[in-house]
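Each chain is listed here by its residues.
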Amino acid sequence: MSAREPCDTRPVVLVVDDLPDNLTVLGELLQALYRVRVANSGPAALRLAASSPRPDLILLDVMMPGMDGLEVLRRLQAEPLTRDIPVLFVTAMDDTADEAQGLALGALDYITKPLRPPVVMARVKTQLELKRARDLLSDRNTSLEAEVARRMAENQRIQHISIHALARLAETRDPETGNHLLRTQGYVRLLATHLALHPRFVAELDADSIERIAKSAPLHDIGKVGIPDHVLLKPGKLTPEEWQLMKTHALLGAQAIERAEQDLVDEGGPPIDFLACAKQIARHHHERWDGSGYPDGLAGDAIPVAARLMALADVFDALISRRVYKPPFAFEVARDMILAEAGRHFDPDVAAAFATRFEEFCAVAERHADTEDAVAAKYQALGGVLVG
């Protein structure tokens, strides 16, 4: 076809029959309105059905030597490329059992021989219109699914940006650098992934919950935005009164997230899972396995799993990081300090997972390490003084 010739957009009808006379009759009948392709055997029909242009409809003879029409239909149905092509059986048989078998395999209807042109044309037209409607619906569903996926991805990006914006807001008043957020998020993901197959955690740590926990982790210390500078940035040891004030950051963070949740409900929106998870982490990441933590003195499995993971991640990062009150500990020293607290500060199984994935913890810490200049600049900006 030359570039000037119009493209033939008529529906394609594949006629399958082992008798040349039948192919001729049907071909001449249909060709005025449709593009007609013919096959004189089952294997030839399968090849044409899978080649371009694929048929919009197949008229399939049942009684053929070798591979009969029923077997052709079975094979068409078994292949993704051809399973959705509508099939009309053409047969001289009037056995209702054979008809039922063909319909059960997926044939849409039967045309009986001898052929009556008006009946053939009416059946073909009806099935092609139905296929056109199905294709249109499928295209619309595909477009709708793509739009839903696009909007979900956009919402995920907005959530991610919002979480980090809130976390960065807290960071502006916190002597810890932004890389602390990246490191603790990485540690939490490592722990959750490792424990996902553990009998104690398998029910709570599926792929979705692991993603929620990792996404929520940067909000763990958001409550520090409510702690006065003279306590948050104090270079020396806190007084008992100051320490009590510092500990309120866990409750302040949880209350802030809870207010955000309530705002969503008041506006008629559905609850957001990651906010519930973030609230658990903010409130309970300073709880201890033995019940001696704060703010609620929870113990053991009463502490939410997400908070148990965050507790270890946060302490490990604090140990290996420079603070106004201490120099950084070596990774191995920090590891030994963590493991010494298994069963007291930390869930023993979480501590065991940490020990198993220790090398990966170190890799995360090194990948997101703070430079000396960045740490010094942060403390200087906040009016703090570094320990040498």
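The model shown is predicted, which means the values in this text are computed figures rather than measured ones. (Residues numbered from 1 in each chain as written. Predicted model: local features only at pLDDT ≥ 70, side-chain atom pairs only at ≥ 80, totals over all residues. Heavy atoms only, no water.)

> Is there a simple way to think about the nonpolar core in this case?
Most often, soluble globular proteins have nonpolar side chains that are buried together. Counting residues in each nonpolar core, the largest one holds 36 residues, and the members touching the most others are Leu205, Leu312 and Phe316. If one sorts the elements of this core by residue count, helix H11 (residues 305–320) sits on top with ten residues. When residues no more than four places from it in sequence are discounted, the contact partners of leucine 312 are Leu191, Ile338, Phe346, Val350, Ala351, Phe354 and Phe361. With 21 residues, the next largest nonpolar core counts Ala39, Leu46, Ala49 and Leu76 among its residues. (Core = buried A, V, L, I, M, F, W, Y, C linked by side-chain atoms within 4.5 Å. Buried < 20%, exposed > 50% of the residue type's maximum accessible area, 1.4 Å probe, protein only. Helix = DSSP H or I, 4+ residues; strand = E, 2+ residues; numbered from the N terminus. Contact = heavy atoms within 4.5 Å.)

> Looking at this structure, how should I read the packing of helix H10 (residues 273–284) against H11?
A pair of packed helices can be characterised by two numbers: the angle between their axes and the separation between those axes. Two elements in contact, H10 and H11, have axes whose closest approach is 8 Å; the angle formed by their N-to-C orientations is 50°. With respect to each other, H10 and H11 are oriented oblique. Note on packing geometry: the crossing formed by H10 with H11 is right-handed. Of H11, the residues touching H10 (which contributes Cys277, Gln280, Ile281 and His284) are Ala306, Ala307 and Met310. The residue makeup of the contact of H10 with H11, split by class, is five nonpolar, two polar and no charged. (Axes fitted to C-alpha atoms, helices over the stretch in contact; angles between N-to-C directions. Parallel < 35°, antiparallel > 145°, perpendicular 65-115°, else oblique. Left-handed = near helix turned anticlockwise from the far one by under 90°. Nonpolar A, V, L, I, M, F, W, Y, C, P; charged D, E, K, R; others polar.)

> Looking at this structure, I do not really get the sheet that holds strand E4 (residues 87–91). What am I missing?
For sheets, the rule is that strands pair by backbone hydrogen bonds, running either parallel or antiparallel. Pairing within the open sheet is parallel, and its five strands lie in the order E2-E1-E3-E4-E5. Each edge of the open sheet is held by one strand with a lone partner, namely strand E2 (35–39) and strand E5 (109–112). Within the sheet, the average angular offset between the axes of one strand and its neighbour, ignoring direction, is 20°. Strand contacts of helix H1 (residues 20–30): strand E1 (12–16), E2 and strand E3 (57–61), with the helix running at about 165° to E1, the strand carrying the most contacts. (Pairing = 2+ DSSP bridges.)

> Explain the packing of aromatic side chains here, please?
Tallied over the full model, the rule gives ten aromatic pairs. Taking 6.4 Å as the distance between ring centres and 45° as the angle between the ring planes, the aromatic pair formed by phenylalanine 316 and phenylalanine 331 counts as tilted. Taken together, the positions of phenylalanine 316 in helix H11 and phenylalanine 331 in helix H12 (residues 331–340) put the pair 15 residues apart, joining distant regions of the chain. The exposure class assigned to phenylalanine 316 is buried, which follows from its relative accessible area of 0%. Measuring from ring centre to ring centre gives 5.6 Å for phenylalanine 316 and phenylalanine 361, while their planes differ by 85°; the resulting arrangement is edge-to-face. Of this pair, phenylalanine 316 sits in helix H11 while phenylalanine 361 sits in helix H14 (residues 358–367), and the two are 45 residues apart along the sequence. Seen from the ring of phenylalanine 358, arginine 335 lies directly overhead, with NZ or CZ sitting 4.9 Å from the centre. (Phe/Tyr/Trp six-rings, centres within 6.5 Å; stacked < 30°, edge-to-face > 60°. Lys NZ or Arg CZ within 6 Å of the ring centre and 35° of its normal.)

> Explanation requested: a nonpolar patch on the surface in the structure shown.
There is a patch of nonpolar side chains on the surface, built from Leu144, Val148 and Met152 and spanning about 290 Å² of accessible area. Inspection of the secondary structure puts methionine 152 in helix H5 (residues 117–171). Assessed through its relative accessible area of 52%, methionine 152 is described here as exposed. (Patch = residues over 30% accessible without salt bridge, like charges linked within 9 Å, V, L, I, M, F, W, Y side chains within 5 Å. Areas by Shrake-Rupley, 256 points an atom, 1.4 Å probe, with all protein chains shown as cover. Salt bridge = Lys/Arg side-chain N within 4 Å of Asp/Glu carboxyl O.)

> What should I look at first to understand the pattern of salt bridges in this one?
Charged atoms that come close allow side chains of opposite charge to pair. Counted according to the given criterion, the structure contains 22 salt bridges. A salt bridge links aspartate 17 to lysine 113, with the shortest nitrogen-to-oxygen separation between them at 3.2 Å. Of this pair, aspartate 17 sits in the loop between E1 and H1 while lysine 113 is found in the loop between E5 and H5, placing the two residues 96 residues apart along the sequence. Using a relative accessible area of 23% as the deciding quantity, one classes lysine 113 as partly exposed. Where aspartate 336 meets arginine 335, a salt bridge forms, and the shortest distance between an N and an O atom there is 3.3 Å.

> Teacher, can you tell me more about the side chain of histidine 285 here?
Along the chain, the position of histidine 285 falls in the loop between H10 and H11. A polar side-chain atom of histidine 285 sits 3.2 Å from the main-chain carbonyl oxygen of alanine 282. Separated by 3.1 Å, the side chains of histidine 285 and histidine 286 make a polar contact. Not counting residues up to four positions away in its chain, the partners in contact with histidine 285 are His220, Asp221, His249, Gln280, Ala307, Met310, Ala311 and Asp314. (Polar contact = N/O pair within 3.5 Å; in protein donor to acceptor, adjacent residues only side chain to side chain.)

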